[in-house]
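Descriptive analysis of the structure
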Amino acid sequence: MAEVNTPARQGGWTRFVTARPRLALLAALVVTVLAVLAGSGVADRMGSGGWQDPDAESSYATTALEREFPASQPNLLLLVDAGDASVDDPAVAAEAGRLAERLAAERGVTGVGSYWQSGSPALRAEDGHEALIAARVTGDETAMYKTLERLAPSFRGEHGPVEVRVGGPVAVRHEMETIIQEDLLRAELIALPITLVLLVMVFGSAVAALLPLGIGIVAILGTNAVLRGLTEITDVSVFAMNLTTALGLGLAIDYALFIVRRFREELSSGADPRTAVGTTLRTAGRTVLFSALTVAVSLAAMLLFPQYFLRSFAYAGIAVVVLAAAAALILLPAALVLLGHRVDSLDLRRPLRRGRPARPAGEEGAAWGRLATFVMRRAPFFALGTTAVLVLLGLPFLGVKLGTGDDRELPSTAESRVVQQHIRDAFPGSPGGGLEILAEGPATREQYAAYKERVAGLPEVVRVDGPLVKGDLAYFTVLPRGEAVDEPAQRLVDGLRAVDAPFDTRVTGAAAVLVDSKAAIGERLPAAAAFIVIVTLILVFLLTGSVLVPLQAVVLNALSLTAMFGAIVWGFQDGHLAGLLGFTSTGSIETTLPVLMFCVAFGLSMDYGVFLLSRMKEEYDRGGDHEQAVRHGVRRTGGLITAAAVILGVVMVAIGTSRVTNTKMLGLGIALAVLMDAMVVRSLLVPSVMRLTGRATWWAPGPLRRLHERFGLSEGESEARPAREAGGTEASAAGSFAAGGGLLVGAGGTGAEAPAGERAPDLAARDTVETRG
């Protein structure tokens, strides 16, 4: 029978996204404009804290002390510098008194105290030339920042015989938030043009290169609107905006790369634009959907932790993943239908190719195929050698010291850091180093005195002040030896909580917050890890039908993160990169950062792993040749995975140029993890390990195999079924399909053109479909 070029029947989803492409794009434009309006000012409503467990003992004590004894929890400090004079000079004391009175009269300020009022040696520098005025700014973070912005200009600067600088925790957080917003804008200005250049190099066409950027911008703006809405009902960290930008651009580019490549591939094989979009959605589109699900699962694990710093990244990450996938599966197909063959317009690489012979068909990706062959021939060497190198790179993490962030995350010129550093260097004790004990319940003066004596007898205690009594409440201030949150201070927290008392006691302060935060993470970490591992195993099994491949995916993904964890300890905690990158090492890593970096990097690693495994599975179903399947998967995805990783790495490095140390660590660490995963794990470790496991890689026991046949995820239901009905052998070429309405995920569109011998079965399967209509 003569072949008739009848388009394959389109599914409901394809008809939905391509029936009225102009209307879809117009609706997207309207929604984007609304998102811009809804998300405006989102950063101003975000917080810069969120590292503490809100249900911990320290959080309860902090809230009670803020409410009942505001002077015990000052968050605003005025550093009064008398120059060459003494702070006890009458003129200096008079001017400091006037400043304290002015501050106490301001709305939103309470608990004002100073060295000149109390005579406390803790508020006077050891050289006698500086002293402190302390106060508490009330309200939530937004209210506190507005109060600070109103007060700081009038108190900062020279006042008669003294000069005043503004510091304290509220000033540190406000300055950190401001710098993050400025750095994020700069990162976007750095990343966007470089990303566009790289996309042009990958696609050739300027038109095709602009599509991923458009998808990314839609995802970022939509996520900002989501976060703005969440700030109305819960706390959201300003740091999450960095993840929004990085994932919004990175994932949008990943998804658009695979979809546009598959669309152009279908056009080159003779399909009309609408049919090409339908095939693309059935194959690469399903893979994108599955990939987005795996990334969202990794990010969702952070919802299990109580700290809103971590939960904020889950909010932002899940939102941006969903929106990037939705834009790639709805808006991008609509744009491709309208563009058609014009997607290749404005080929900016044409002048560079002038005079060069055209690359023969089937040569695209050949270098990656040769690399896979080379690696598999020496599989034991590459498997053991790569694993050994990755483990070696991760060894520094064994010496990790978890701590808490402070003013030293800021650049050395930031005013609030300068104030805190002066206090740290020139005043007895350390800023924020004191521990507070909240005592609840009726007690006599003698009982308070006996308790104070027991506390003062602890070896890590320098001095105990108090109690200050208010009804049945009282509080003591304990000054520990050494730094505010070092190991002795943390041991002192446990010691204070173990001291017998005739009333209820609760301990707070920087070291107590750190102890409680570490405990909260430690308690929930097994559950979060189990959630990620179990769901990942299930999803990869549904994709491959194998028992071994999911286990390999989890182990190899974890190995790909070792370099990142080793680098943050060696470079940031130990300070080996401090001079090069311009930051101050505190000798510890903020407690929540390893959890955050693991969840993000593991999700991105799975993103690349899905595209590679799906192409391998497709080829194995087609021919049953294991080594050919591995070679085919690396060949078809190696170039695009590497390009996607480089582009995402550029975005993360741009974020890593931040002047805030934690943001710098986050950006550069994840950039390293992504590049190591794409260039080492996917290129060397995966093919070598899969060569060693052989055909057993795809094995599953009978019950699980039947489960996968019924509910598994695979490519090309609409193509495989007609081919099978026609009695041709092409059914295996299109891959297995899920009966019973299971979700189907395709593997196509993830690489450059394959050789004619590899492409022929795909074309045959499609031609059979077209002939039968």
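A word on the overall build of the chain. In terms of regular secondary structure, the chain is built from 28 helices and 11 strands. Residues counted as buried form 56% of the 773 residues belonging to the chain. Once local pairs closer than 6 in sequence are excluded, the contacts in the chain between residues at least 24 apart make up 81%. Here the chain displays about 30,600 Å² of accessible surface, and carbon together with sulfur accounts for 61% of that area.

What follows deals with the packing of aromatic side chains. All told, the structure shown has 17 aromatic pairs when counted by the stated rule. Ring plane angle 65 degrees and centroid distance 5.1 Å describe the contact between F309 and F313, whose orientation is recorded as edge-to-face. Placement of the pair is F309 and F313 together in helix α11 (residues 308–339), with a separation of 4 residues, close to one helical turn. Ring geometry for F572 versus F583: centroids 4.7 Å apart, planes at 20 degrees, classification stacked. With a gap of 11 residues between them, F572 in helix α20 (residues 562–573) and F583 in the loop between α21 (578–581) and β11 (589–590) connect regions that are remote in the sequence. Exposure remark for F583: the relative accessible area of 9% places this residue in the buried category. Three or more aromatic residues joined by ring pairs make a cluster, and in this case those are W51, F239, F309 and F313. Above the plane of the ring of F155 lies R102, whose end atom (NZ or CZ) is 4.3 Å from the centre.

As a further point, take the nonpolar core. Counting 158 residues, the largest nonpolar core has F239, Y255, V321, L336, L596 and M616 as the members making the most contacts within it. When residues of this core are assigned to their parent elements, the largest contribution, 18 residues, is made by α11. In contact with L336, not counting residues within four places along its chain, are L211, I259, V260, F263, P273, V277 and V343. Listed in part, the 38 residues of the second largest apolar core include L78, V92, V137 and L148.

Moving on, we come to the packing of helix α9 (residues 240–268) against helix α23 (residues 626–655). Relative orientation of the contacting elements α9 and α23 amounts to 155 degrees, with a least axis distance of 9 Å. The angle between the axes of α9 and α23 places the two elements in the roughly antiparallel class. Here α9 and α23 pass one another in a crossing that is right-handed. Between α9 and α23, the residues in contact are N242, T245, A246, L249, G250, I253, D254, L257, F258, R261 and E265 and R636, L640, I641, A644, I647, L648, V651, M652 and I655, respectively. By residue class, the composition of the contact of α9 with α23 is 13 nonpolar, 3 polar and 4 charged.

With antiparallel pairing, 5 strands are arranged side by side in an open sheet as β2-β3-β1-β5-β4. Unpaired on one side and paired on the other, β2 (109–114) and β4 (157–159) mark the two borders of the sheet. Between one strand and the next, the sheet's axes are offset by a mean angle of 25 degrees, whatever the strand orientation. Pairing analysis gives 3 bridges linking β4 to strand β5 (residues 162–167), with the strands arranged antiparallel. Note that in β5 the partner of G157 across the bridge is V164.

Here we come to the pairing of strand β8 (residues 461–470). Strand direction decides the pairing type here: β8 and strand β9 (residues 473–480), joined by 7 bridges, are antiparallel. Its bridge partner being in β9, L468 is matched across the sheet by Y475. Hairpin connection between β8 and β9: a loop of 2 residues separates the two successive antiparallel strands, and G471 in this loop has a positive phi of roughly 65 degrees.

With an omega of 10 degrees, the peptide bond running from G466 to P467 counts as cis. Take P467: it is sitting in strand β8.

Rules used in this analysis
- Residues numbered from 1 in each chain as written.
- Predicted model: local features only at pLDDT ≥ 70, side-chain atom pairs only at ≥ 80, totals over all residues.
- Heavy atoms only, no water.
- Helix = DSSP H or I, 4+ residues; strand = E, 2+ residues; numbered from the N terminus.
- Buried < 20%, exposed > 50% of the residue type's maximum accessible area, 1.4 Å probe, protein only.
- Contact = heavy atoms within 4.5 Å.
- Areas by Shrake-Rupley, 256 points an atom, 1.4 Å probe, with all protein chains shown as cover.
- Phe/Tyr/Trp six-rings, centres within 6.5 Å; stacked < 30°, edge-to-face > 60°.
- Lys NZ or Arg CZ within 6 Å of the ring centre and 35° of its normal.
- Core = buried A, V, L, I, M, F, W, Y, C linked by side-chain atoms within 4.5 Å.
- Axes fitted to C-alpha atoms, helices over the stretch in contact; angles between N-to-C directions.
- Parallel < 35°, antiparallel > 145°, perpendicular 65-115°, else oblique.
- Left-handed = near helix turned anticlockwise from the far one by under 90°.
- Nonpolar A, V, L, I, M, F, W, Y, C, P; charged D, E, K, R; others polar.
- Pairing = 2+ DSSP bridges.

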